[in-house]
Amino acid sequence: MNDALAFDRRHIWHPYTSMTDPLPTYHVVSADGVRIRLADGRELVDGMASWWCAIHGYNHPQLNAAILNQLQKTAHVMFGGLTHEPAIELARALVDMTPSPLQHVFFCDSGSVAVEVAIKMALQFWGAQARPEKHRLLTIRGGYHGDTFGAMSVCDPVTGMHERFRPVLPEHLFVDRPRTRPGEPLHPTDAEQIERTLAEHHTQIAALILEPIVQGAGGMWFYAPEYLSHVHALCHRYDVLLVLDEIATGFGRTGRLFACEHAGVAPDIMCLGKAMTGGYLSQAATLTTSRVAEGISADGGVLMHGPTFMANPLACAVALQSIELLRVGTWQARVTAIESQLREELGQYAGHHAVAEVRTLGAIGVVETHDAVPVAALQQIFVEAGVWIRPFNKLIYLMPPFVIDSDDLHQLTTAIGSALDTL
Ligand SMILES: Cc1ncc(COP(=O)(O)O)c(C=O)c1O
């Protein structure tokens, strides 16, 4: 192990690892297109899009130029009392491209914070309507919304971190994750469970929060748009705000620009992040309707949030350019091509002895194994095969940059087959 890696191992926490026995890390020196270059000269085809956000690939000339251009003007200014063109233009683009009721934008620094802001919006809204008893949240099991406390409280109570933080986490309401798969008619149990819970508790519920169509880090689970439509109608009937967390699904990943489009529903509050900046910089946004935005201030109050790096100009500039690439590009055709190749090439592992299920949707391919996989060992196998794939629990999955070509995608799916053979 070289000096730099030894220092890294001794002094730097990586996500969800211990300081005493961390998982191995690989030293990256650069990345270009869909290739990540390691310090030892090896090149890896990227199957993760850096946790699903580098949709246009790395070192993209137009994204680089957007940042360099903005850098000549200013890297950052505070957003309290000041504003700037990148933020205004990005907000305009977001308002234009998301469902029309969403008219107001709050910028913040990460997806988790966007979820915290969404929760605050919902709680402040009901507080300002003199309905402070509406302070609970309802969600579905198997969700993941981030690692801050409010977000953690609506993550799956088993695979999330509830056990560890139980004494300080607010207790919210959970129903089972929908069993209705895409393409299936709404399962009566799914429909009844959510309806019963809302009927019983709606006077206390501020908002229902979920990831539309695809549950990401909570289990890579896909469910039917019909469930989302049902939930949307129920929220309306029971006067509960609907928060859609599109942080993982937004900006094309599921084959639609936003996953809520599969069901044709508009939420009261929407969280965006990850791919918003094309994976270049950390910036997220929480959007809401005029009803909620005006309602929050019905008692003269203001939305109580204001992070230091809110609407960072570099992040806004690169996000605008990323959206422009989506607007003029062929992302939808690319995602469709990725989807059919994933379906065909990962589908052949469905009968493998280690595999419980294979599922694909948009530019997402998931191989669920019977048992939890040895992450470090598989990571090494993947790196030796010239690919970057990072499994977790029982899930080996691909969410590549949209610009990946079929040969590179084939290399990724083949490497998964080789890894499965070692299980
Ligand atoms: C659906 C969803 N919500 C929220 C988050 C949290 O975002 P961040 O890691 O930027 O805080 C994630 C991250 O994986 C996510 O997938």
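Attention in this report is confined to the structure presented alongside it. Since we're looking at a predicted model, the values are computed, not measured.

**Description of the site of the ligand**
Piece 1. All residues in the neighbourhood of the ligand are listed as Trp-52, Ser-110, Gly-111, Ser-112, Tyr-144, His-145, Gly-146, Glu-211, Asp-245, Ile-247, Ala-248 and Lys-274.
Piece 2. One of the side-chain N or O atoms of Asp-245 is found 2.7 Å from a nitrogen atom in the ligand.
Piece 3. Separating an oxygen atom of the ligand from a side-chain N or O atom of Lys-274 is a distance of 3.0 Å.
Piece 4. The protein chains hide 82% of the 390 Å² of surface that the ligand would expose on its own.
Piece 5. In terms of residue class, the shell around the ligand is made up of 4 nonpolar, 5 polar and 3 charged.

**Focus on the sheet that holds strand 15 (residues 387-388)**
Piece 1. Reading across the sheet, the 4 strands line up as 1-2-3-15 and stay open at both edges, with mixed pairing between neighbours. Strands at the two margins of the open sheet, each flanked by one partner only, are strand 1 (28-32) and strand 15.
Piece 2. Bridge count for strand 1 against strand 2 (residues 35-38) is 4 bridges, and the pairing is antiparallel. Paired with Ser-30 across the two strands is Arg-37, which belongs to strand 2.

**Some points on the nonpolar core**
Piece 1. Judged by nonpolar contacts, the single largest core of 121 residues is most densely connected at Leu-94, Leu-208, Phe-251 and Ile-416.
Piece 2. Sorting elements by how many residues they give to this core places helix 5 (residues 111-128) first, with 10 residues.
Piece 3. Beyond its immediate chain neighbours, meaning those up to four positions away, Leu-208 contacts Leu-138, Ile-194, Leu-198, Val-231, Cys-235, Val-240, Leu-241, Leu-242 and Val-243.
Piece 4. In this structure, Leu-63, Ile-67, Leu-314 and Leu-325 belong to the second largest nonpolar core, which totals 5 residues.

**Quick look at the sheet that holds strand 5 (residues 136-140)**
Piece 1. Spatial ordering of the open sheet is given by 4-12-11-10-7-5-6, a layout of 7 strands whose pairing is mixed. With one partner strand each, in any of the chains shown, strand 4 (102-108) and strand 6 (173-175) form the two edges of the open sheet. For this sheet, the mean inter-axis angle between neighbouring strands, taken without regard to orientation, is 20 degrees.
Piece 2. Where strand 5 lies against strand 7 (residues 205-210), 4 bridges are found, and the strand directions are parallel. Considered in strand 7, the bridge of Arg-136 is made with Ile-205.
Piece 3. Contacts between helix 8 (residues 188-201) and the sheet are confined to strand 5, strand 6 and strand 7, with strand 7 contributing the most and set at about 160 degrees to the helix.

**Examining unusual backbone geometry**
Piece 1. A positive phi angle, close to 50 degrees, is found at Ala-49, a residue other than glycine.
Piece 2. You can see Ala-49 is positioned in helix 2 (residues 49-52).
Piece 3. In the Ramachandran plot, Asn-393 falls in the positive-phi region, its phi being about 50 degrees despite a non-glycine side chain.
Piece 4. Along the polypeptide, Asn-393 turns up in the loop between strand 15 and strand 16 (395-398).

**A short note on helix 5**
Piece 1. For helix 5, with 18 residues, the first-to-last C-alpha span of 25 Å sits near the 26 Å given by 1.5 Å per residue.
Piece 2. Taking burial as the measure, the 18 residues of helix 5 include 14 buried ones, the bulk of the element.
Piece 3. One or two positions beyond helix 5, positive phi appears at Ala-130, with a value near 60 degrees.

**What about the packing of helix 13 (residues 375-384) against helix 14 (residues 406-421)?**
Piece 1. One way to put it is that helix 13 packs onto helix 14 with a least axis distance of 10 Å and a crossing angle of 135 degrees. By the angle class used here, helix 13 and helix 14 are oblique. Helix-helix and strand crossings are classified by hand; for helix 13 and helix 14 the assignment is right-handed. Along its contact with helix 13, which presents Leu-378, Ile-381 and Phe-382, the element helix 14 presents Ala-415, Ile-416 and Ala-419.

**Describing the pairing of strand 5**
Piece 1. Counted residue by residue, strand 5 has 4 buried out of 5 residues, so it is predominantly covered.
Piece 2. The sheet contact formed by strand 5 and strand 6 spans 3 bridges and is parallel. Across the sheet, Leu-138 pairs through a bridge with Leu-173, a residue of strand 6.

**Some thoughts on the side chain of Thr-180**
Piece 1. Relative to the helices and strands, Thr-180 resides in the loop between strand 6 and helix 8.
Piece 2. Ignoring any residue separated from it by four or fewer positions in sequence, one finds Thr-180 in contact with Pro-185, Leu-186, His-187, Asp-190, Phe-222, Tyr-223 and Ala-224.

**Structural notes on the environment of Arg-343**
Piece 1. If you trace the backbone, Arg-343 turns up in helix 12 (residues 331-347).
Piece 2. In the structure, Arg-343 is positioned 18 residues away from Leu-361 in sequence and 8.3 Å away in space, judged by C-alpha atoms.

**Digging into helix 11 (residues 313-328)**
Piece 1. Between the first and last C-alpha of helix 11 there are 23 Å, a value that for 16 residues agrees with the 22 Å anticipated at 1.5 Å per step.
Piece 2. When we look at burial in helix 11, the residues that qualify are Pro-313, Leu-314, Ala-315, Cys-316, Ala-317, Val-318, Ala-319, Ser-322, Ile-323, Leu-325 and Leu-326.
Piece 3. Packed against the buried residues of helix 11 are helix 3 (61-73), helix 4 (85-97) and helix 12.
Piece 4. The distance from a side-chain oxygen at the start of helix 11 to the backbone nitrogen of Leu-314 is 3.2 Å, and the residue carrying that oxygen is Asn-312.

**Some remarks on the packing of aromatic side chains**
Piece 1. Across all of its chains, the model carries 7 aromatic pairs by this definition.
Piece 2. Seen from their ring centres, Phe-251 and Phe-258 are 5.4 Å apart, and the 70 degrees between their planes marks the pair as edge-to-face.
Piece 3. Exposure remark for Phe-251: the relative accessible area of 1% places this residue in the buried category.
Piece 4. An aromatic cluster of three or more residues is present, and its members are Trp-52, Phe-392 and Tyr-397.
Piece 5. Over the ring of Trp-126 we find Lys-134; its NZ or CZ atom is 4.5 Å from the centre of that ring.

**Notes on the packing of helix 4 against helix 11**
Piece 1. The interhelical angle for the contact between helix 4 and helix 11, taken along N-to-C directions, is 40 degrees, at an axis separation of 8 Å. Comparing the axis directions of helix 4 and helix 11 gives the class oblique. Between helix 4 and helix 11 lies a crossing of left-handed hand. Counted together, Pro-86, Ala-87, Glu-89, Leu-90, Ala-93, Leu-94 and Met-97 of helix 4 and Pro-313, Cys-316, Ala-317, Ala-319, Leu-320 and Ile-323 of helix 11 form the full contact between these two elements.

Scoring rules and cut-offs
Residues numbered from 1 in each chain as written. Predicted model: local features only at pLDDT ≥ 70, side-chain atom pairs only at ≥ 80, totals over all residues. Heavy atoms only, no water. Near = heavy atom within 4 Å. Polar contact = N/O pair within 3.5 Å; in protein donor to acceptor, adjacent residues only side chain to side chain. Areas by Shrake-Rupley, 256 points an atom, 1.4 Å probe, with all protein chains shown as cover. Nonpolar A, V, L, I, M, F, W, Y, C, P; charged D, E, K, R; others polar. Pairing = 2+ DSSP bridges. Helix = DSSP H or I, 4+ residues; strand = E, 2+ residues; numbered from the N terminus. Core = buried A, V, L, I, M, F, W, Y, C linked by side-chain atoms within 4.5 Å. Buried < 20%, exposed > 50% of the residue type's maximum accessible area, 1.4 Å probe, protein only. Contact = heavy atoms within 4.5 Å. Axes fitted to C-alpha atoms, helices over the stretch in contact; angles between N-to-C directions. Expected span 1.5 Å × (residues − 1). Parallel < 35°, antiparallel > 145°, perpendicular 65-115°, else oblique. Left-handed = near helix turned anticlockwise from the far one by under 90°. Phe/Tyr/Trp six-rings, centres within 6.5 Å; stacked < 30°, edge-to-face > 60°. Lys NZ or Arg CZ within 6 Å of the ring centre and 35° of its normal.

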